[in-house]
Amino acid sequence: MKTIDLSHFIERYIAGEMNEEEMLWFEKELEGNEDLQAEVDLRRKTDVILQKQDVLTLRNKLVAIEKQRKEKEIHAPSSSSPRLGYVKYAAVLAVVATIGSVVFFNGRHTANDELISKYYKTYEPPARQRAANSIFNGDFELAMEFYNSNDYANAANLFRKVVDQNPKDMQSVLLHGVSSFEDKRYPDARKSFVTVIDDNNNLFIETARWYLALCYIKTNENGKASEQLKKIITDGGLYSKNAKKILKSLN
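Remember, it's a predicted structure, so these values are computed and weren't measured experimentally.

K.L.:
Can you help me understand the overall build of the protein chain in this one?
P.N.:
For the protein chain, the count of helices and strands is 13 helices and zero strands. Taken from the N to the C terminus, the helices and strands of the protein chain come in the order α-α-α-α-α-α-α-α-α-α-α-α-α. Relative to its 251 residues, the protein chain shows a buried fraction of 40%. Within the protein chain, contacts between residues at least 6 apart in sequence are counted, and of these 57% link residues at least 24 apart.

In structure tokens form, the structure reads like this:
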């Protein structure tokens, strides 16, 4: 049987570019596959490192190399092939252009992260709702302990367990989404927020819409983020003021 190269799918999954059918398939592939889970985690960590890396330094080095090459070419014998020199120059320019596009993308990503951090505060569920849910579900109580200690990976896993037991528990669906968001699992988070919004009969729609907008910003889907932010502004409420500020910065 031919082995499937999942690298392409891993990148699309992390970037939140999969449609619903692809995501369901990929998450089934993840289940029980520790090697694949480790690879996904490694790619996420690598993305974070790359965001912090000074790509402009690399670009400047390439420009300096090209400058040195041109100076050597000036003093080189005239028998050198001008066509070959042109090809070399074009190749270097292509590399520089590629690096430039990476700088632009990572720069935009970093700018979006900074924009979110300026207006973002992790959601804290009302104490009364937490207490009511804890009475009926020990998994929820343990998930909240992980959540409050900033262990969002374990919190997300336990909230998912709670939701599997009670799919109509929109508070747990929301908290699964928030935990996934904090753990940088944006596709998982987005699914939870959409579920809360589509339910259309709970107290968490406003928060879900806010987080959905943040997910889109994190994955550089600013158009979709703007749609959600406009709805938040139209509805008014807790997040409308910050939604206006972020929307202004996105446009």
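Back to the text.
K.L.:
So what exactly am I meant to see when it comes to the packing of helix 11 (residues 205-218) against helix 12 (residues 222-235) here?
P.N.:
Helix packing geometry: the angle between the two helix axes and the distance between the axes. At a minimum axis distance of 8 Å, the contact between helix 11 and helix 12 shows a crossing angle of 155°. Taken together, the axis directions place helix 11 and helix 12 in an arrangement best described as roughly antiparallel. Relative to helix 12, helix 11 is oriented so that their crossing is left-handed. Here helix 11 contributes R209, W210, L212, A213, Y216 and I217 to the contact with helix 12, which in turn contributes N222, K224, A225, Q228, L229, K231, I232 and D235.

K.L.:
Sorry if this is basic, but what is going on with the side chain of S240 here?
P.N.:
Its place among the elements puts S240 in helix 13 (residues 240-250). A polar contact is formed between the side chain of S240 and the backbone oxygen of G237, at a distance of 2.9 Å. The contact partners of S240, leaving out residues within four places of it in the chain, are I232 and I233.

K.L.:
It is not clear to me how helix 11 should be interpreted in this structure. Could you clarify?
P.N.:
Along an α-helix, residues three or four apart share an orientation, since each turn contains 3.6 residues. If you check helix 11, its first and last C-alpha atoms are 20 Å apart, about what 14 residues at 1.5 Å a residue would give, namely 20 Å. The buried count for helix 11 comes to 13 of 14 residues, which makes it a mostly enclosed element. At the C-terminal side of helix 11, N220 shows a positive phi close to 60°.

K.L.:
Please clarify how the pattern of salt bridges should be interpreted in this entry.
P.N.:
Once the charged atoms of two side chains with opposite charge are near each other, the side chains can pair. All chains considered together, the criterion is met by eight salt bridges. A salt bridge links E22 to R12, with the nearest nitrogen and oxygen atoms 2.7 Å apart. On the criterion of sequence distance, the pair formed by E22 in helix 2 (residues 20-30) and R12 in helix 1 (residues 7-15) is long-range, its members being 10 residues apart. Owing to a relative accessible area of 23%, E22 belongs among the partly exposed residues under this scheme. Given the relative accessible area of 17%, R12 is considered buried. Beyond isolated ion pairs, a larger network of salt bridges with shared partners links D183, R185 and D188.

K.L.:
Got a minute to help me understand the environment of V163 in this structure?
P.N.:
Relative to the helices and strands, V163 resides in helix 8 (residues 152-165). When the C-alpha positions of V163 and L175 are compared, they lie 9.9 Å apart, and in sequence the two are 12 residues distant. The residues touching V163, leaving out its near neighbours within four places in the chain, are S172 and V173.

K.L.:
What am I meant to see in the packing of aromatic side chains here?
P.N.:
To describe a pair of aromatic rings, one takes the distance between the centres and the angle between the planes. Per the counting criterion, the structure on display carries 12 aromatic pairs. Taken together, a centroid distance of 4.9 Å and an interplanar angle of 70° make the contact between F9 and W25 edge-to-face. Within this pair, whereas F9 is found in helix 1, its partner W25 is found in helix 2, the two being separated by 16 residues in sequence. Residue classification places F9 among the partly exposed positions, given a relative accessible area of 23%. A connected cluster of aromatic rings, assembled from ring pairs, spans Y120, F181, Y186, F193 and Y211.

K.L.:
Quick question: what am I supposed to make of the confidence of the model for the protein chain here?
P.N.:
Low pLDDT marks stretches whose predicted atomic positions should not be read closely. Residues of the protein chain with pLDDT of at least 70 account for 68%, and the chain-wide mean is 79. The least confident element of the protein chain is helix 5 (residues 82-119), whose mean pLDDT is 56; the most confident is helix 10 (residues 186-199), at 97. Every residue in residues 101-108 scores below 50 in pLDDT, and together they form eight contacts with partners more than four places removed in sequence or on other chains.

K.L.:
What is the right way to look at helix 13 in this model?
P.N.:
Three or more residues of helix 13 are buried, namely S240, A243, I246, L247 and L250. Taken end-on, helix 13 shows its buried residues confined to a sector of 120°, consistent with a single buried face. Exposed side of helix 13, more than 90 degrees from the buried face: K241 and K248 are the residues found there.

K.L.:
Can you walk me through the packing of helix 9 (residues 170-182) against helix 10 in this structure?
P.N.:
At a minimum axis distance of 7 Å, the contact between helix 9 and helix 10 shows a crossing angle of 155°. With respect to their mutual orientation, helix 9 and helix 10 come out roughly antiparallel. For helix 9 against helix 10, the interelement crossing comes out left-handed. Mapping the contact onto sequence places M170, V173, L174, H176, G177, V178, S180 and F181 in helix 9 and Y186, D188, A189, S192, F193, T195, V196 and D199 in helix 10. Each residue belonging to the contact of helix 9 with helix 10 can be placed in one class, and the counts come to nine nonpolar, five polar and two charged.

What counts and how
- Sequence order sets the numbering: in each chain, residues are counted from 1 along the sequence as written.
- Only residues with pLDDT of at least 70 get local features here, since the model is predicted, and only at 80 or more are side-chain atom pairs given and counted; chain-wide, interface and lining totals rely on the full set of residues.
- Values reported for side chains reflect all heavy atoms of the structure, with hydrogen atoms and water molecules removed beforehand.
- Counting from the N terminus, the helices are the DSSP runs of H or I reaching at least four residues and the strands are the DSSP runs of E reaching at least two.
- Burial status follows relative accessibility: with a 1.4 Å probe on protein chains alone, a residue under 20% of its type maximum counts as buried, one over 50% as exposed, and anything between as partly exposed.
- A contact between two residues is defined here by any heavy atoms of the two lying within 4.5 Å.
- As a rule, the C-alpha atoms of each element are fitted with a line to give its axis, helices using only the stretch in contact, and angles between N-to-C directions run from 0 to 180 degrees.
- Geometric relationships in this document are graded by angle, where less than 35 degrees denotes roughly parallel, more than 145 denotes roughly antiparallel, 65 to 115 denotes roughly perpendicular, and other angles denote oblique.
- Handedness of each helix crossing follows the sense of rotation of the near helix against the far helix: counterclockwise by less than a right angle gives left-handed, clockwise gives right-handed.
- Definition of a polar contact: a pair of N or O atoms within 3.5 Å, with one able to donate and the other able to accept a hydrogen when the atoms are protein atoms, and with sequence-neighbouring residues admitted only if both atoms are side-chain atoms.
- Every helix has an expected span of 1.5 Å times one less than the residues it contains.
- Salt-bridge detection follows one rule: a side-chain nitrogen of Lys or Arg within 4 Å of a carboxyl oxygen of Asp or Glu.
- Stacked, edge-to-face and tilted labels apply to pairs of Phe, Tyr and Trp rings (six-membered ring for Trp) whose centres lie within 6.5 Å, assigned for plane angles under 30 degrees, over 60, and everything in between, in that order.
- Every residue carries a pLDDT, the predictor's confidence in it, which falls somewhere between 0 and 100.
- Think of the arc as the fan of directions from the helix axis to the C-beta atoms.
- Residues were grouped as follows: Ala, Val, Leu, Ile, Met, Phe, Trp, Tyr, Cys and Pro as nonpolar; Asp, Glu, Lys and Arg as charged; and all remaining residues, including Gly, as polar.

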